[in-house]
Amino acid sequence: MANVDLTIDGKTLSVPAGTTILEAARANGIRIPTLCFLKGLAPRASCRMCVVEVEGARTFQHACATKAREGMVVHTDTEAVRASRKLTLQLLLSDHAVDCHHCLRLGNSKCDDLDPRFCEMCFFCDCVKDGFCELQALAREYKVDVLPFSQKHNTRPVDASTVIVRNPNKCVKCKRCIDVCGQVQTVHNLAASGRGFAVTIGTAFGKSMAESGCVGCGRCVEVCPTGAIAALEHKDELVYYAHRDGVRTAATVSAELLPELERVLKLQPGSVKLAEIAGALKKIGVDAVYDTAQAEDAARAQAEEQLAEKLAQGGPVILTDSFAAKAFLEKNFPEKQEQFLFCASPLAAFDQATEVKYDKRFAFGPVGGDAVECEKTGCVDIAVNARELARIMIRTGAEPNPKRVSGFEELGAARSTGRYGRLLEKAAWNMEKEPEVFQMEGLRCAVCHNLGQARRLLESGEGYDVLRVIA
Ligand code: SF4
Ligand code: SF4
Ligand code: SF4
Ligand code: FES
């Protein structure tokens with residue numbers, strides 16, 4: 001493909017034709033702020049945070065949706081551009097239920113005065129996305145201390161009918177959730193209604209999440225830039241049970257939460273060890289701590305056995321250990337139910353191995369659909385994400401400390417043999433990666449990294465001996 005040459009902030013760049021200004025900038029280490037854009041989804045160009053000045057253009061251009069052209073000269077950080085972005089943020093926050101440590105609600109602090117660690121201790125304001133919120137981070141970066149507009153205090157009802165809580169009063173209408181649910185997962189459970197400022201994001205037919213067609217994959221939670229869709233938190237409950245005498249508690253901790261935890265605690269990437277998390281949890285009173293890698297291995301061991309049995313019976317197999325994928329397959333492909341093989345998830349394997357020993361069990365890991373699986377199956381009592389863990393740590397003084405480490409309990413479950421290699425190896429949901437198709441032990445296998453890929457392959461009529469679905 002031919003290249004085009006352009007200049008961004010005085011830097012001459014050469015990028016493939018069709019590249020957007022945003023992509024060109026990012027590929028060359030130039031940061032342009034975004035709010036609605038999400039890599040892997042088609043740009044909606046709705047938030048105006050990425051506006052840039054293009055010489056010769058009469059208006060600001062959206063960097064996320066404007067293609068680089070030959071000879072283009074772009075300025076990403078002029079005073080006018082910064083003023084426009086700040087105005088955009090002020091407008092967004094004037095129609096937003098601000099109850100985070102941005103302190104707009106209290107009206108007496110400036111961005112530069114705020115110490116996020118002190119704010120974590122504050123009980124006056126709280127938002128589940130505090131410290132992880134893209135809108136909050138931008139408001140601080142652009143020093144939105146006061147709003148030049150009267151603030152509209154929206155009182156749209158919060159939907160807390162499931163552990164995926166929707167709070168429309170914190171929605172910036174970026175539509176990432178609609179696209180990830182519709183285009184990527186092909187569930188189409190979320191939609192926009194109304195126009196302009198009155199636009200509202202909700203379930204497709206205005207139902208509660210509990211009554212809707214949601215399969216519980218949790219991907220909308222993952223992509224929402226604010227606290228408008230978030231997993232229900234249980235930090236007070238967790239600390240209560242951990243402290244309580246006579247209640248036997250256990251936790252399983254995944255190393256996958258470490259990068260987010262380090263980020264929010266402002267620690268160097270790679271500096272926190274899982275054994276320090278185990279030590280911190282013991283400090284707040286958790287009796288036993290397990291490494292989730294053991295539960296993953298135990299789940300895989302079960303899958304190896306079940307798959308061998310199912311293949312011996314003949315016929316293609318559609319395999320998943322995901323609670324959400326199971327719901328999706330049962331709903332959309334009931335005619336293939338003979339082919340389904342629903343294996344235990346790591347949380348379910350942890351449940352099987354620890355059920356009789358403890359009164360309360362907690363799973364610390366990435367957001368995903370774990371919270372929904374816990375709610376629906378009771379496999380563990382509480383699913384906790386990195387943000388919630390960070391806040392528990394700050395509030396209880398149990399932050400990671402190399403001098404306070406603890407070992408892990410032995411799960412005592414069957415160990416994986418590694419059979420079916422690539423097919424069963426650990427893999428995460430991904431919206432950009434193509435499905436993997438390969439031969440193994442004479443079987444034609446496919447691994448789908450999201451529900452949309454699974455739908456596409458299952459509807460394509462292409463024959464697979466084993467198709468694994470990740471939700
Ligand atoms: S949890 Fe998954 S299925 Fe449910 S609304 Fe969110 S993206 Fe859609
Ligand atoms: S709910 Fe979140 S992801 Fe969806 S439109 Fe609102 S802010 Fe964006
Ligand atoms: S969604 Fe973000 S900006 Fe809004 S209250 Fe929560 S943390 Fe603050
Ligand atoms: S990121 Fe470009 S308009 Fe939102």
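Residues numbered from 1 in each chain as written. Chains lettered and ligands numbered in written order. Predicted model: local features only at pLDDT ≥ 70, side-chain atom pairs only at ≥ 80, totals over all residues. Heavy atoms only, no water.

Engineer: An account of the environment of V221 is requested, with residue identities and associated values reported.
Structural biologist: One can find V221 in helix α6 (residues 219–223). On the accessibility criterion, V221 (8% relative accessible area) is buried. Counting along the chain gives 51 residues from V221 to V272, while the straight-line C-alpha distance between them is 25 Å. Every residue in contact with V221, bar those within four places of it in the chain, is listed here: K129, I164, I229, A230, A231 and V367. (Helix = DSSP H or I, 4+ residues; strand = E, 2+ residues; numbered from the N terminus. Buried < 20%, exposed > 50% of the residue type's maximum accessible area, 1.4 Å probe, protein only. Contact = heavy atoms within 4.5 Å.)

Engineer: Mind laying out the site of ligand 1, listing which residues take part and the relevant values?
Structural biologist: In the region of ligand 1, the neighbouring residues are I164, C181, V187, N189, L190, M209, C214, V215, G216, C217, G218 and C220. In terms of residue class, the shell around ligand 1 is made up of nine nonpolar, three polar and no charged. (Near = heavy atom within 4 Å. Nonpolar A, V, L, I, M, F, W, Y, C, P; charged D, E, K, R; others polar.)

Engineer: How would you explain the environment of L424 if you had to name every residue and give the values?
Structural biologist: On the secondary structure map, L424 appears in helix α15 (residues 421–424). On the accessibility criterion, L424 (9% relative accessible area) is buried. In this structure, the C-alpha to C-alpha distance between L424 and Q313, residues 111 residues apart in sequence, is 19 Å. With residues near it in sequence (within four places) discarded, L424 still touches R300, A303, E304, L319, R419 and R468.

Engineer: Describe the sheet that holds strand β2 (residues 11–16), listing the residues and the values that go with them.
Structural biologist: Spatially, β2-β1-β5-β3-β4 is the arrangement adopted by the five strands of the open sheet, whose pairing is mixed. Since the sheet does not close on itself, it has two edges, and those belong to β2 and β4 (61–62), each with one partner. In terms of strand pairing, strand β3 (residues 51–54) meets strand β5 (residues 73–75) through two bridges, oriented antiparallel. Looking at the pairing, E53 lines up with H75 of β5. Its contacts with the sheet place helix α2 (residues 79–94) against β3 and β5, and it is angled at close to 155° to β3. (Pairing = 2+ DSSP bridges. Axes fitted to C-alpha atoms, helices over the stretch in contact; angles between N-to-C directions.)

Engineer: Outline the sheet that holds strand β17 (residues 443–448), supporting the account with residue identities and numerical values.
Structural biologist: Sheets are built from strands that pair by backbone hydrogen bonding, the pairs being arranged parallel or antiparallel. Read across the open sheet, the five strands follow the order β13-β12-β18-β17-β16; overall the sheet is mixed. The open sheet has two edge strands with one neighbour each: β13 (340–342) and β16 (436–440). Within this sheet the neighbouring strands show an average axis-to-axis angle of 20°, counted without direction. Across the sheet, helix α10 (residues 292–312) lies against β12 (317–320), β13, β17 and β18 (466–469), angled at about 165° from β13, the strand it touches most. Its contacts with the sheet put helix α16 (residues 451–460) on β12, β17 and β18, and the angle it makes with β17 is roughly 145°.

Engineer: Go over the nonpolar core with me, naming the residues and quoting the values.
Structural biologist: When a protein is soluble and globular, its nonpolar side chains tend to lie buried together. I229, L329, L451, L467 and V469 are the most contacted members of the largest nonpolar core, which has 53 residues in total. Counting residues in each nonpolar core, the second largest holds 33 residues, with L238, L258, L261 and A390 among its members. (Core = buried A, V, L, I, M, F, W, Y, C linked by side-chain atoms within 4.5 Å.)

Engineer: Now, about the pairing of β17: what can you tell me, with residues and values included?
Structural biologist: Judged by how many residues are buried, β17 sits mostly within the fold: five of six residues are covered. Summarising the sheet, β16 and β17 pair through five bridges and their orientation is antiparallel. Each residue of the ladder has a partner; that of M440, found in β17, is L443. A loop of two residues connects β16 with β17, the two strands running antiparallel in sequence, and E441 in this loop sits at a positive phi of about 50°. Bridge count for β17 against β18 is four bridges, and the pairing is parallel. Pairing of A446 across the sheet is with L467, part of β18.

Engineer: Provide a residue-level description of the pattern of salt bridges, including the pertinent values.
Structural biologist: Here the structure, examined in full by the defined rule, presents 24 salt bridges. The closest approach of N and O atoms between R82 and D77, which form a salt bridge, is 3.2 Å. R82 gets classed as partly exposed once you look at its relative accessible area, which sits at 31%. Several salt bridges converge on common partners, so that one network encompasses E233, K235 and R387. (Salt bridge = Lys/Arg side-chain N within 4 Å of Asp/Glu carboxyl O.)

Engineer: Any chance you could break down the packing of aromatic side chains for me, citing the residues and the numbers?
Structural biologist: Each aromatic ring pair is characterised by the separation of its centres together with the angle its planes make. Tallied over the entire structure, the rule returns five aromatic pairs. Plain terms: the ring middles of Y240 and Y241 are 5.2 Å apart, the flat faces sit at 65° to each other, and that makes the pair edge-to-face. Exposure remark for Y241: the relative accessible area of 17% places this residue in the buried category. An angle of 75° between the planes, with centres 5.5 Å apart, marks the rings of Y290 and F350 as edge-to-face. You can see Y290 sitting in strand β11 (residues 288–291) and its partner F350 sitting in helix α12 (residues 346–354), a full 60 residues away along the chain. Of the aromatic side chains, those joined through ring pairs into one cluster are Y290, F350 and Y358. Above the face of the F132 ring, R263 is positioned so that its terminal group lies 5.1 Å from the ring centre. The positively charged end of K360 is found above the aromatic ring belonging to Y241, 4.6 Å away from the centroid. (Phe/Tyr/Trp six-rings, centres within 6.5 Å; stacked < 30°, edge-to-face > 60°. Lys NZ or Arg CZ within 6 Å of the ring centre and 35° of its normal.)

Function-wise, these values are silent; they only describe arrangement.
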